[in-house]
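Examining the three-dimensional arrangement
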Amino acid sequence: MFRSLSVALALVLSPTPAPSPPAGATGAVEDLVLPVEDIIGEVESLDGTESETKQGRQVTVALTSDVLFALDKWQLTARARQRLSKVAEKVKADGAGGAVRIEGHTDDQGSEAYNVRLSQRRAQAVEAAMRGLLAGAGVTLEARGYGESRPKRPNLVDGKPNEKNRAQNRRVEVIFTAKA
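This one's a predicted model, so the numbers in the text were calculated from it and none came from an experiment.

Here we look at the nonpolar core
Ranked by size, the top nonpolar core spans 25 residues in total, and within it L68, L76, L84, V126 and M130 carry the most contacts. If you list the elements that add at least two residues to this core, you get β3 (58-64), α2 (65-68), α3 (78-94), β4 (98-105), α4 (112-133) and β8 (171-177). With residues up to four places along the chain from it excluded, the contact list for L84 reads L63, L68, L76, V126, A129, M130 and L133.

This is the structure in structure tokens:
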């Protein structure tokens, strides 16, 4: 028994020479180098109504529509004006100037045409408020509604509606370039 065990250990522990390539095989050996995709961190408020992401110098502040507007409306609430004031301060403090995009988004409820109109009106309402808050900040504002075409999270999970995801998809994003 000890003899077979020692033979087995010797075989396992002895260095094994690398296999030699077949005769006539030629070719260069190259290192495999894979690109590292950007890692995008997202900071979300505890209640899930606001998030911030940064990719390179691009900063996106997303506010859920539930804190900005009443259901199916595009007039800003008093609570929305307080939130937008904080976003404007962030743009002033961290922004490099230039274009600030304001993008409206909806969930998958309602027709596509209705959602595009609603998201456009909401983006324009935020643009109008931000114009006053960012006066003299050296930025130009651009508003656009995307409807349900750019969801942040899937509206359906395992074929069933996911209300938490839908709430995150109903949002307005303020996108600006940060200082270098």
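Quick look at the pattern of salt bridges
A pair can form between side chains of opposite charge whenever their charged atoms are brought close. For the coordinates displayed, the defined rule picks out 15 salt bridges. Among the salt bridges present, the one from K152 reaches E42, with a minimum N-O distance of 2.8 Å. One end of the pair, K152, is in the loop between β5 (139-145) and β6 (156-157); the other, E42, is in strand β1 (residues 41-44), and 110 residues separate them in sequence. On the basis of relative accessible area, K152 is assigned to the partly exposed category, the value being 24%. Among the charged side chains, a network of salt bridges with common partners joins E42, K152 and R153.

Structural notes on empty space enclosed by the protein
Evaluation of the coordinates by the stated rule reveals one cavity of 30 Å³ or more. Roughly 50 Å³ of internal volume is contained in the largest cavity. The wall of the largest cavity is formed by E44, G48, T49, E50, S51, A62, T64, K152, Q168 and R171. The set of elements that each furnish at least two residues to the lining of the largest cavity consists of β2 (50-55) and β3. For the lining of the largest cavity, the class distribution of residues is one nonpolar, five polar and four charged.

Some points on the environment of R79
Mapping R79 onto the fold places it in helix α3. A relative accessible area of 44% means that R79 is categorised as partly exposed. Distance from R79 to A25, taken between C-alpha atoms, is 72 Å for residues 54 residues apart in sequence. Ignoring sequence-local partners within four residues, the contact set of R79 consists of D47 and V67.

As for the environment of S51
Here S51 shows up in strand β2. Given a relative accessible area of 5%, S51 falls into the buried group. Distance from S51 to V61, taken between C-alpha atoms, is 5.8 Å for residues ten residues apart in sequence. With residues near it in sequence (within four places) discarded, S51 still touches E42, V43, E44, T60, V61, A62 and K152. A polar atom in the side chain of S51 sits 3.1 Å from the side chain of E42.

The rules we used
- Residues numbered from 1 in each chain as written.
- Predicted model: local features only at pLDDT ≥ 70, side-chain atom pairs only at ≥ 80, totals over all residues.
- Heavy atoms only, no water.
- Core = buried A, V, L, I, M, F, W, Y, C linked by side-chain atoms within 4.5 Å.
- Buried < 20%, exposed > 50% of the residue type's maximum accessible area, 1.4 Å probe, protein only.
- Helix = DSSP H or I, 4+ residues; strand = E, 2+ residues; numbered from the N terminus.
- Contact = heavy atoms within 4.5 Å.
- Salt bridge = Lys/Arg side-chain N within 4 Å of Asp/Glu carboxyl O.
- 1 Å grid on protein atoms, 1.4 Å probe; cavity = no way out; pocket = protein on both sides within 12 Å on 5 of 7 lines; lining within 4 Å.
- Points joined across faces, edges and corners; volume = space filled by probe spheres on them.
- Nonpolar A, V, L, I, M, F, W, Y, C, P; charged D, E, K, R; others polar.
- Polar contact = N/O pair within 3.5 Å; in protein donor to acceptor, adjacent residues only side chain to side chain.

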